Amino acid sequence: MKIDIILTAADIQPEKIKDKIVVIIDVLRATSVMITALANGAKTVYPYKDIESVLENSKKSKSFVLGGERKGLKIEGFDFGNSPLEYTKEAVSGKDMFMTTSNGTRAIENSANGSKKLFIAAFLNVESVAKKILEENDDTVIICSGTDNNFSLDDALCAGEIIRRVKEKDRDIQLTDISLAMKRLAETSLGIEETLKGSKHFEYLKTIGFYGDMNHCFTMDMFDIVPEYKNGVITK
């Protein structure tokens, strides 16, 4: 079994993920939102690249919420933005969620064809994801969604933490050089926020008023679910 990493949603190529286990990370904040919403009772999450698909497909549901962002801000006419703190039990329990974001939902759609299985990860469920990778026992590609087609340190640190825990449990697992680099990043981290200080996306979200999301997004193992994307929908 080998673990590899893809650094941005734009770098996803069919041959890199064909018949492999795929894990999608978008810590700030799409996958953190998905995990939180499902843990709080949302029935499903339908991720789409574009706003039009969200609006059109949501018509098929009798009970739903619309969530997502562009440039970190709530889309006009949507119920919620991309803050996991908005997706409370009262807001989402029993409902279908239709979602579009700048990076995370695009990474999911770009990985939908060809992957053997596709799982959703963030700091919120790293231990459960590590266990799932070991359980699947197959070649795995961790995809960091990145920010606007660029490398994002928050996703890389999360990927490294997953790899660190997997490798700790099974020393025989092979790592590519980039996976090894991310593992060492996690091993030398002085804490999530300290490591991310000065990074572009982290600092940007603070400037537009979402510093409060960080305590939630940076909480390790808050939930023990590993959402899976299958046939266009994410469920826990």
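Residues numbered from 1 in each chain as written. Predicted model: local features only at pLDDT ≥ 70, side-chain atom pairs only at ≥ 80, totals over all residues. Heavy atoms only, no water.

- You'll find the protein chain entered in an unreviewed UniProt entry as Probable 2-phosphosulfolactate phosphatase, with Fusobacterium ulcerans 12-1B given as the organism.
- UniProt, in the comment section headed Cofactor (unreviewed entry), describes the protein chain in these words: "Mg(2+)".
- Word for word, the UniProt comment on the protein chain under Sequence similarities (unreviewed entry) is "Belongs to the ComB family." (UniProt positions renumbered as here; feature names shortened; annotations may be inferred.)

**Structural notes on the pattern of salt bridges**
Alright, step 1. Within the structure shown, the criterion is met by 15 salt bridges.
Alright, step 2. When the shortest N-O distance is used, the salt bridge between glutamate 127 and arginine 165 registers 3.0 Å. Remark: arginine 165 occurs in helix α7 (residues 153–169) and glutamate 127 occurs in helix α6 (residues 126–136); sequence separation between them is 38 residues.
Alright, step 3. Salt bridges here are not isolated pairs; linked through shared partners, they connect Glu127, Glu161, Arg164, Arg165, Glu168, Lys169 and Asp221. (Salt bridge = Lys/Arg side-chain N within 4 Å of Asp/Glu carboxyl O. Helix = DSSP H or I, 4+ residues; strand = E, 2+ residues; numbered from the N terminus.)

**Things to note about the packing of aromatic side chains**
Alright, step 1. Tallied over the full model, the rule gives five aromatic pairs.
Alright, step 2. Taking the centre distance of 6.0 Å and the plane angle of 35 degrees together, the rings of phenylalanine 202 and phenylalanine 218 count as tilted. Placement of the pair is phenylalanine 202 in helix α10 (residues 200–207) and phenylalanine 218 in the loop between α11 (212–217) and β10 (228–230), with a sequence separation of 16 residues.
Alright, step 3. One aromatic cluster is present, built from ring pairs that chain together Tyr46, Phe64 and Phe98. (Phe/Tyr/Trp six-rings, centres within 6.5 Å; stacked < 30°, edge-to-face > 60°.)

**Concerning α6**
Alright, step 1. Among the residues making up α6, those that are buried are Val126, Ser128, Val129, Ala130, Lys132, Ile133 and Glu136.
Alright, step 2. Looking one or two residues beyond α6, the residue adopting positive phi is asparagine 137, at roughly 55 degrees. (Buried < 20%, exposed > 50% of the residue type's maximum accessible area, 1.4 Å probe, protein only.)

**Quick look at the state of the cysteines**
Alright, step 1. Going through the model one piece at a time under the given rule, you end up with zero disulfides.
Alright, step 2. With no disulfide partner, cysteine 158 has as its closest neighbouring cysteine sulfur the one in cysteine 144, 7.9 Å distant.
Alright, step 3. Cysteine cysteine 217 is unpaired, with the sulfur of cysteine 158 as its nearest cysteine sulfur at 10 Å.
Alright, step 4. Exposure remark for cysteine 217: the relative accessible area of 0% places this residue in the buried category. (Disulfide = S-S within 2.5 Å.)

**Here we look at the packing of α7 against helix α8 (residues 177–188)**
Alright, step 1. Closest axis-to-axis distance for the α7/α8 pair is 7 Å, and the angle between their directions is 95 degrees. One element, α7, and the other, α8, form an angle in the roughly perpendicular class. Along the contact surface, α7 presents Leu153, Ala156, Leu157, Gly160, Glu161, Ile163, Arg164 and Lys167, while α8 presents Ser179, Met182, Lys183, Leu185, Ala186 and Glu187.
Alright, step 2. By residue class, the composition of the contact of α7 with α8 is seven nonpolar, two polar and five charged. (Axes fitted to C-alpha atoms, helices over the stretch in contact; angles between N-to-C directions. Parallel < 35°, antiparallel > 145°, perpendicular 65-115°, else oblique. Contact = heavy atoms within 4.5 Å. Nonpolar A, V, L, I, M, F, W, Y, C, P; charged D, E, K, R; others polar.)

**Points about the nonpolar core**
Alright, step 1. If you look at the biggest cluster of nonpolar residues, it comprises 35 residues, and the most contacted ones within it are Ile25, Leu28, Phe123, Ile142, Ile162 and Phe218.
Alright, step 2. Ranked by the residues each element gives to this core, the list is headed by α7, at seven residues.
Alright, step 3. Listed in part, the 33 residues of the second largest apolar core include Ile6, Ile35, Ala37 and Ala91. (Core = buried A, V, L, I, M, F, W, Y, C linked by side-chain atoms within 4.5 Å.)

**Some words on the side chain of threonine 195**
Alright, step 1. By secondary structure assignment, the location of threonine 195 is in helix α9 (residues 192–196).
Alright, step 2. Within the structure, threonine 195 has its side chain in polar contact with the backbone oxygen of glycine 191 (distance 2.8 Å).
Alright, step 3. In this view, threonine 195 contacts Leu153, Leu157, Leu185, Ser189 and Leu190; residues no more than four positions away in its chain are not counted. (Polar contact = N/O pair within 3.5 Å; in protein donor to acceptor, adjacent residues only side chain to side chain.)

**Overview of unusual backbone geometry**
Alright, step 1. The residue after leucine 28, namely arginine 29, is reached through a cis peptide bond having omega 15 degrees.
Alright, step 2. When you line up the elements, arginine 29 lands in the loop between β2 (21–25) and α2 (30–39).
Alright, step 3. Phi at aspartate 19 takes a positive value of approximately 60 degrees, unusual for a residue other than glycine.
Alright, step 4. Inspection of the secondary structure puts aspartate 19 in the loop between α1 (14–17) and β2.
Alright, step 5. Even without a glycine there, the phi angle at aspartate 148 is positive, about 50 degrees.
Alright, step 6. Tracing the backbone through its elements, the reader meets aspartate 148 in the loop between β8 (140–144) and α7.
Alright, step 7. Taking the relative accessible area as the measure of exposure, aspartate 148 reaches 52% and is therefore exposed.

**A closer look at the packing of α6 against α7**
Alright, step 1. Relative to each other, α6 and α7 sit at 50 degrees, their axes nearing to 9 Å. Comparing their axes, α7 and α6 come out oblique. Crossing handedness for the pair α6 and α7: right-handed. Contact residues: Val126, Glu127, Val129, Ala130, Lys131, Ile133 and Leu134 in α6; Cys158, Glu161, Ile162, Arg165, Val166 and Lys169 in α7.
Alright, step 2. Taken together, the residues that form the contact of α6 with α7 break down as eight nonpolar, no polar and five charged. (Left-handed = near helix turned anticlockwise from the far one by under 90°.)

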